[in-house]
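Structural overview for review
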Amino acid sequence: MKVIRARVLGYCMGVRRAMDMADAALLVSESPVYAMGPLIHNPQAMKTLTDRGLVVLDEETLPPDLSGASVIIRAHGITPRLEAALTNSGATLIDATCPRVKASQMKVRELCGTGYRVFLAGEKRHGEIIGIQGYAPDCIVAGDPVLAAAAAEKLFAEEPEARTALLGQTTISPDEYAAIAQAIGRVFPNLHVINTICRATGDRQDSLRELAARVDAVIVVGGRESANTRRLLAIARDKPAWLVESPSDIPGEITAYNTVGLCAGASTPDGLIDAVEQALCE
Ligand code: SF4
């Protein structure tokens, strides 16, 4: 069997940076190291970190006293209110917010501060959106073009002269973002659209499309909880395709194919990709 890797696969810049910061903190810190929420949507990578002593915190059950402890802020970022709560509890913050997400947080604050009514395109419950929204509690989250149109019409009825702007979740698809911009733009033609889309997701999807055209079957390596990994599986579905979290998930049927493509989501560790590749070759 021949195994061909996708041109772009695995960790994106923001996740690699957060994992490197966690690794460094666990190596040197003599006090407890916490993460504000799971650092990565990959069970094996999380287990490696928790085995080394990382403790995952939940906003609802924050310990009141974190004096002397280090708390890593994950790549999705957090709200300024939560950041203040952690600082007030005595924790030292290690800010692994992805620089691209940080730029969106700063932009939304600047726009709201200068009188814009801001629409935010993305998933209401996603950590990145919750974090950005914390910088502008009045901004309007719209998950799809229908919701965006309804929100724009409601705002127009209340403030027909509103100056409006649109930002998106960094991982939203360009087509979805354009459709949301169009829906709001019909109501507010002067909508200021800011491009906040990160190419990491698109690059992995494009390289999978190129790869899928050249292989008989596809293996997607990554966590089932990871939205970007599940999207890769959906793209690969033109061919026989499987999502595997570890080498033991590789299906027996794979031996029926001569050429297998290998791709991985942005939260899949290099070591896991290598282990799956090796198991396929064996
Ligand atoms: S997908 Fe892009 S924005 Fe999100 S963490 Fe990775 S590099 Fe940062």
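Right, let's walk through the structure included here.

What counts, and where the lines are drawn
Residues numbered from 1 in each chain as written. Predicted model: local features only at pLDDT ≥ 70, side-chain atom pairs only at ≥ 80, totals over all residues. Heavy atoms only, no water. 1 Å grid on protein atoms, 1.4 Å probe; cavity = no way out; pocket = protein on both sides within 12 Å on 5 of 7 lines; lining within 4 Å. Points joined across faces, edges and corners; volume = space filled by probe spheres on them. Helix = DSSP H or I, 4+ residues; strand = E, 2+ residues; numbered from the N terminus. Nonpolar A, V, L, I, M, F, W, Y, C, P; charged D, E, K, R; others polar. Salt bridge = Lys/Arg side-chain N within 4 Å of Asp/Glu carboxyl O. Buried < 20%, exposed > 50% of the residue type's maximum accessible area, 1.4 Å probe, protein only. Core = buried A, V, L, I, M, F, W, Y, C linked by side-chain atoms within 4.5 Å. Contact = heavy atoms within 4.5 Å. Axes fitted to C-alpha atoms, helices over the stretch in contact; angles between N-to-C directions. Parallel < 35°, antiparallel > 145°, perpendicular 65-115°, else oblique. Left-handed = near helix turned anticlockwise from the far one by under 90°. Near = heavy atom within 4 Å. Sits in = over half its atoms within 2 Å of the grid points. Expected span 1.5 Å × (residues − 1). Arc of directions from axis to C-beta. Pairing = 2+ DSSP bridges.

Okay, empty space enclosed by the protein next. Summed over the entire model, instances satisfying the criterion amount to two cavities of 30 Å³ or more. Here the largest cavity defines a volume of roughly 80 Å³. Forming the walls of the largest cavity are Thr170, Thr171, Ile172, Ser173, Pro174, Ile197, Cys198, Arg199, Thr201, Gly202, Gln205 and Arg231. Counting residues per element, the lining of the largest cavity draws most heavily on helix H8 (residues 199–212), at four residues. For the second largest cavity, the full set of lining residues is Thr201, Arg204, Gln205, Asn228, Leu232, Gly265 and Ala266. Of all the secondary structure elements, the ones that give two or more residues to the lining of the second largest cavity are H8 and helix H9 (227–236). When residues of the lining of the second largest cavity are assigned to their parent elements, the largest contribution, three residues, is made by H8. Counted by class, the lining of the second largest cavity contains two nonpolar, four polar and one charged residues.

The next thing to look at is the pattern of salt bridges. A full pass over the atoms with the stated rule returns 16 salt bridges. As a salt-bridge pair, Glu210 and Arg7 come within 3.2 Å of each other at their nearest N and O atoms. Here Glu210, found in helix H8, pairs with Arg7, found in the loop between strand E1 (2–5) and helix H1 (13–28); they are 203 residues apart in sequence, far enough to count as distant. Given a relative accessible area of 42%, Glu210 falls into the partly exposed group. Among the ionic pairs, Arg224 bridges to Glu245, the shortest N-O distance being 3.4 Å. Within this pair, whereas Arg224 is found in the loop between strand E10 (217–221) and H9, its partner Glu245 is found in the loop between strand E11 (241–244) and strand E12 (259–264), the two being separated by 21 residues in sequence. Residue Arg224 is classed as partly exposed on the basis of its relative accessible area, which comes to 43%.

Where a protein is soluble and globular, its nonpolar side chains tend to be buried together. Core analysis: the largest hydrophobic core is formed by 30 residues, its most contacted members being Val218, Ile219, Val221, Ile254, Leu262, Val276 and Leu280. Residue assignment for this core shows that the elements contributing at least two residues are E1, H8, E10, H9, E11, E12 and helix H10 (270–281). In this view, Val221 contacts Thr229, Val244, Leu262, Cys263, Ala264, Gly265, Thr268, Leu272 and Val276; residues no more than four positions away in its chain are not counted. Counting residues in each nonpolar core, the second largest holds 25 residues, with Ala18, Ile40, Ile72 and Ala266 among its members.

Glancing now at the packing of H8 against H9. The interhelical angle for the contact between H8 and H9, taken along N-to-C directions, is 25°, at an axis separation of 10 Å. With respect to each other, H8 and H9 are oriented roughly parallel. Where H8 crosses over H9, the two elements pack in a sense that is right-handed. Within the contact between the two elements, H8 uses Thr201, Arg204, Gln205, Leu208 and Arg209 and H9 uses Asn228, Arg231, Leu232, Ile235 and Ala236. Each residue belonging to the contact of H8 with H9 can be placed in one class, and the counts come to four nonpolar, three polar and three charged.

Glancing now at the site of the ligand. The immediate surroundings of the ligand are formed by Cys12, Gly14, Cys98, Arg100, Thr170, Cys198 and Ala200. Here the ligand is seated within the largest pocket. The residue inventory of the shell around the ligand, partitioned by class, reads four nonpolar, two polar and one charged.

Attention now goes to helix H7 (residues 174–187). The end-to-end C-alpha separation of H7 is 21 Å, in line with the 20 Å expected for 14 residues at 1.5 Å each. Among the residues making up H7, those that are buried are Tyr177, Ile180, Ala181, Ala183, Ile184 and Val187. For H7, the angular spread of buried residues about the axis comes to 160°, placing them on one side. Exposed positions of H7 whose direction lies more than 90 degrees from the buried face are Asp175, Gln182 and Arg186. Turning to H7, the residues buried within the fold contact strand E6 (117–121), strand E7 (140–142), helix H6 (145–158), strand E8 (164–168) and strand E9 (192–193).

Now for the pairing of strand E5 (residues 92–95). Here strand E4 (residues 70–73) pairs with E5 via four bridges, running parallel. Paired with Ile72 across the two strands is Ile94, which belongs to E5.

Sheet strands pair by backbone hydrogen bonding; their relative direction is either parallel or antiparallel. Taken in spatial order, the four strands of this open sheet run E1-E12-E10-E11, and their pairing is parallel. At either margin of the open sheet sits one strand with a lone partner, and together these are E1 and E11. Neighbour to neighbour, the strand axes of the sheet diverge by 25° on average, direction disregarded.

For the rest of this paragraph, the subject is the sheet that holds E5. On the basis of which strands lie adjacent, the open sheet formed by four strands has the order E3-E2-E4-E5 and parallel pairing. The sheet is open, and its two edges are formed by strand E3 (55–57) and E5, each paired on a single side. Each strand of the sheet is rotated relative to its neighbour by a mean of 30°, with strand direction disregarded. Contacts from H1 reach strand E2 (33–36), E4 and E5, with the element oriented near 145° to E5.

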